[in-house]
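Overview (structure and organization)
Listed below, chain by chain, are the residues.
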Amino acid sequence: MGGKQDGRQKNRLEDSAINAGVAMVAQALIIVAGYISRVIFTRTLSASYAGVNGLFADILGVLSLSELGIASAMSYALYRPIAQNDIPGLQAVMKLYKRLYMYVAAFVGTVGLVMLPFLDYFAGDLSAIKHLELIYLLYLGNSVTSYLLMYRSTLITAHQRGYIVSLYCTAFSLTQIILQIILLMTTQSYIAYLLTAIIGSLLCNLCISRRAGRMYPYLREKNNHELPEAEKQEIRRNIWALAMHRLGAVIINNTDNLLISRFAGIASVGIYSNYYLVIYSIQQVLAKLFQGMAASIGNLGASEDRDAIEPVFYNAFFIGQWVYSLTAICLYELLPPFIELSFGPAYLLDSRTVLILCILVFLQGMRKAVATFWYALGMFWLDRYKALAEAALNLIFSIILVIRYGIAGVFMGTILSMLLVPVWVDPYMFFRHCLKKSLASYVRKYAGYLAVIGLTWWLTDVVCGLVTGGLAWVLLVRMVICVLMINGIFLAAHFWRQEFKSMLWLISSLLGKH
């Protein structure tokens, strides 16, 4: 029995590593291509069009609230029938999933059209842009059609085969970006640029949906299966809880550009959007690390004792703090010369704002391990009000601080709300309800990591500040310093930890296998 469990655990680790590895490499390729596209975008179109991108993305992000966290609830609902190879159960879950997403698509389309006459209010000084209504309708159409096709990709991911989705998305994204670059250089048409993105997204979702149908033929069979009322009730409860999480996330993540636009002007949105592009792109790569683990964690929770979860969690937390602190420090040192070299000095933010953005990246990363386990284990209901409390505080603090501190104030508000709620509530709830253990060991580890990170950040900043010369030279030398110095200090500080040894074991196992 022990051998079987060890084998399953090893398979989960390997599946997680493969899914995360493929997804991270794929996302990195998209980032490089997207960066080239962004540079050409900035140099061929005005900064106002960058503001359009950010503003409409935020408006549709608010509309996506209607999704209510259905994808997360349905992913969790799939883990049990997958573990038990219950085909009728899988058919029933996917039937319900499809029905719910059709309702969502109808709602987003209807409300999106209702908002059309009020675009001028949200757009501010963007209202002079030609074809603004058409651009908005294109964004809306892309959002609506995605709901009708992408639900099947969740089934592939829940089977711990997320790398297949990553490969499809990468192929279509790279093709789309290449076509966009060609169109920008030849036509300077934002409409053509946007249409290319929409067609690429539509074709990608269609191909993934067809691939899921081939992988799981029961999706194409006549489906008369319905979930038992008790399971439907559990899904409804999870969706209700996730709706509160979703509302909180939308308020926190999709109001930044709206606040900056209203209080600091649309030009400030355009300046911030370049920083956001870099930071968000890197976060997307790193998020794949934990997304690759989610299905394996859900499978672990559905088929094993909860005592097996704690060491896996601490390994994930260790990897997360290393990766995200390295990222935050590197961003702080490299973003200014990178932005100036890419887009020009007119697109630079002040150093205080950059520091706040990088601290926010670090704090969000330190939450990743707890959040990934909490969601993968289906514990949505217990902290349903937490997200609303965080969102309310975030909005209040951001509005107060943006008036006094400009762009920096928006993100200062986000940090304050994060420190007051999720930084301590998330681990407390996880240890109490999932692990049923004291939080003391987590606090000790967090404090130890924080001490090492603070010292490393200070030393790295001092050394990087000594580098002078041209922008390209400064960027290159600072990059070398960051990679060698940060990882060297972390290695010296953590080589004795069991989590570090476990990470080395996993790497050597994968290299030995392949």
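Residues numbered from 1 in each chain as written. Predicted model: local features only at pLDDT ≥ 70, side-chain atom pairs only at ≥ 80, totals over all residues. Heavy atoms only, no water.

Now for the overall build of the protein chain. In terms of regular secondary structure, the protein chain is built from 21 helices and 0 strands. Out of the 514 residues belonging to the protein chain, those deemed buried represent 52%. In the protein chain, of all internal contacts separated by at least 6 residues, the share reaching a separation of at least 24 is 83%. Only carbon and sulfur atoms are counted for the fraction: they give 67% of the accessible area of the protein chain, which is about 23000 Å². (Helix = DSSP H or I, 4+ residues; strand = E, 2+ residues; numbered from the N terminus. Buried < 20%, exposed > 50% of the residue type's maximum accessible area, 1.4 Å probe, protein only. Contact = heavy atoms within 4.5 Å. Areas by Shrake-Rupley, 256 points an atom, 1.4 Å probe, with all protein chains shown as cover.)

Residues Phe313, Phe317, Phe411, Phe430 and Tyr442 are the most contacted members of the largest nonpolar core, which totals 78 residues. Here this core takes 20 residues from helix α13 (residues 309-343), the largest share from any one element. Apart from residues lying up to four places away in sequence, Tyr442 is in contact with Phe313, Tyr314, Phe317, Met366, Val370, Pro427 and Phe431. Met94, Leu155, Tyr193 and Leu227 belong to the second largest nonpolar core, which has 61 residues in total. (Core = buried A, V, L, I, M, F, W, Y, C linked by side-chain atoms within 4.5 Å.)

Attention shifts here to helix α17 (residues 407-420). With 14 residues, α17 ought to run about 20 Å at 1.5 Å a step, and its terminal C-alpha atoms sit 21 Å apart, in line with that. With 10 of 14 residues buried, α17 is to be regarded as a mostly interior element. (Expected span 1.5 Å × (residues − 1).)

All right, on to the environment of Leu174 then. Summarising the element assignment, Leu174 is placed in helix α8 (residues 162-187). According to the relative accessible area criterion, Leu174 is partly exposed, its value standing at 25%. Residues Leu174 and Leu29, spaced 145 residues apart in sequence, show a C-alpha to C-alpha distance of 7.9 Å.

What follows covers the pattern of salt bridges. Taken as a whole and judged by the stated rule, the model has 12 salt bridges. Note that Arg80 and Glu231 form a salt bridge whose closest N and O atoms lie 3.5 Å from each other. Pair noted here: Arg80 is in helix α3 (residues 70-83) and Glu231 is in helix α10 (residues 229-253), with a separation of 151 residues, a long-range link. In this structure Arg80 comes out as partly exposed when scored by relative accessible area, which is 32%. A relative accessible area of 25% means that Glu231 is categorised as partly exposed. Linked through salt bridges whose partners overlap, the residues forming this network are Arg367, Asp383, Lys386, Glu390 and Asp426. (Salt bridge = Lys/Arg side-chain N within 4 Å of Asp/Glu carboxyl O.)

Our next topic: the packing of α13 against helix α19 (residues 440-464). Contact geometry of α13 with α19 gives a least axis separation of 10 Å together with a crossing angle of 20 degrees. Taken together, α13 and α19 sit at an angle that is classed as roughly parallel. Crossing of α13 over α19 shows right-handed handedness. Across the interface between the two elements, Phe313, Tyr314, Phe317, Phe318, Gln321, Ser325, Ala328, Ile329, Tyr332 and Glu333 of α13 pack against Ser441, Tyr442, Lys445, Tyr446, Tyr449, Ile453, Thr456, Trp457, Thr460, Asp461 and Cys464 of α19. Considering only residue class, the contact of α13 with α19 consists of 13 nonpolar, 5 polar and 3 charged. (Axes fitted to C-alpha atoms, helices over the stretch in contact; angles between N-to-C directions. Parallel < 35°, antiparallel > 145°, perpendicular 65-115°, else oblique. Left-handed = near helix turned anticlockwise from the far one by under 90°. Nonpolar A, V, L, I, M, F, W, Y, C, P; charged D, E, K, R; others polar.)

Let us now look at unusual backbone geometry. Phi at Asn85 is positive, roughly 55 degrees, even though this residue is not glycine. Note that Asn85 resides in the loop between α3 and α4 (87-114). The phi angle at Gln188 is positive, at roughly 50 degrees, despite the residue not being glycine. Relative to the elements of secondary structure, Gln188 occurs in the loop between α8 and α9 (190-215).

This part is about the packing of α3 against α10. Two packed helices can be described by the angle between their axes and the distance between those axes. Relative orientation of the contacting elements α3 and α10 amounts to 145 degrees, with a least axis distance of 8 Å. Both α3 and α10 take part in a crossing whose hand is right-handed. Of α10, the residues touching α3 (which contributes Ile70, Ser72, Ala73, Met74, Tyr76, Ala77 and Arg80) are Glu231, Glu234, Ile235, Asn238, Ile239 and Leu242. Residues of the contact of α3 with α10, tallied by class, amount to 8 nonpolar, 2 polar and 3 charged.

Let us look at a nonpolar patch on the surface. Taken together, the side chains of Trp473, Leu476, Met479, Val480, Val483 and Leu484 present a nonpolar region at the surface, about 600 Å² in accessible area. Here Val480 shows up in helix α20 (residues 471-494). Judged by its relative accessible area of 44%, Val480 is partly exposed. (Patch = residues over 30% accessible without salt bridge, like charges linked within 9 Å, V, L, I, M, F, W, Y side chains within 5 Å.)

With that out of the way, let us pick up the side chain of Ser153. Here Ser153 shows up in helix α7 (residues 153-158). Overall, Ser153 belongs to the buried group, its relative accessible area being 17%. In contact with Ser153, other than residues within four places in its own chain, are Val165 and Ile208.

Right, let's talk about the packing of aromatic side chains for a bit. Applying the stated criterion across every chain, the model contains 27 aromatic pairs. Where Phe313 meets Phe430, the ring centres are 4.8 Å apart and the plane angle is 45 degrees; that geometry is what we call tilted. One end of the pair, Phe313, is in helix α13; the other, Phe430, is in helix α18 (residues 422-435), with 117 residues separating them in the sequence. Ring geometry for Phe317 and Tyr442: centres 4.9 Å apart, planes at 35 degrees, overall tilted. One end of the pair, Phe317, is in helix α13; the other, Tyr442, is in helix α19, and 125 residues separate them in sequence. (Phe/Tyr/Trp six-rings, centres within 6.5 Å; stacked < 30°, edge-to-face > 60°.)

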